[in-house]
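Given next are the chains, with one letter for each unit.
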Amino acid sequence: MSGMGSPVHLREPLPEPVPAEGCDVCGALAEQRARAHAAGDWSKVTDCNVELRRHPHP
Ligand SMILES: [Zn+2]
């Protein structure tokens, strides 16, 4: 078969979560995520997305 052994960059497969309006924590995470985006730091972007998704809201 063909050689498909090259490493694949794992990107976030889900759409990025939207920060809850009026939530300071989500706002801060979204800001961090934007900075990580600008820096090309995809693992940090993913971290921020995970935290955004997990942040509970009433
Ligand atoms: Zn929040």
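Bear in mind the structure is a predicted one, so any value in this text is a computation, not a measurement. (Residues numbered from 1 in each chain as written. Predicted model: local features only at pLDDT ≥ 70, side-chain atom pairs only at ≥ 80, totals over all residues. Heavy atoms only, no water.)

S.K.: Which parts of the structure should I look at to understand helix H2 (residues 42–54)?
M.R.: The periodicity of an α-helix, 3.6 residues per turn, causes residues three or four positions apart to be oriented the same way. Given a rise of 1.5 Å per residue, 13 residues ought to cover 18 Å, and the 18 Å separating the end C-alpha atoms of H2 matches this to within 8%. Three or more residues of H2 are buried, namely Val 45, Cys 48, Asn 49 and Leu 52. Down the axis of H2, the buried set is contained in an arc of 100°. They therefore lie on one face. For H2, the exposed residues set more than 90 degrees away from the buried face come down to Ser 43 and Arg 54. For H2, the secondary structure elements touched by its buried residues are helix H1 (24–39). (Helix = DSSP H or I, 4+ residues; strand = E, 2+ residues; numbered from the N terminus. Expected span 1.5 Å × (residues − 1). Buried < 20%, exposed > 50% of the residue type's maximum accessible area, 1.4 Å probe, protein only. Arc of directions from axis to C-beta. Contact = heavy atoms within 4.5 Å.)

S.K.: Please explain the side chain of Asn 49 as it appears in this structure.
M.R.: Relative to the helices and strands, Asn 49 resides in helix H2. Exposure remark for Asn 49: the relative accessible area of 0% places this residue in the buried category. Among the polar contacts made by the side chain of Asn 49, one reaches the side chain of Glu 16 at a distance of 3.5 Å. A polar side-chain atom of Asn 49 sits 2.8 Å from a polar atom in the side chain of Arg 33. (Polar contact = N/O pair within 3.5 Å; in protein donor to acceptor, adjacent residues only side chain to side chain.)

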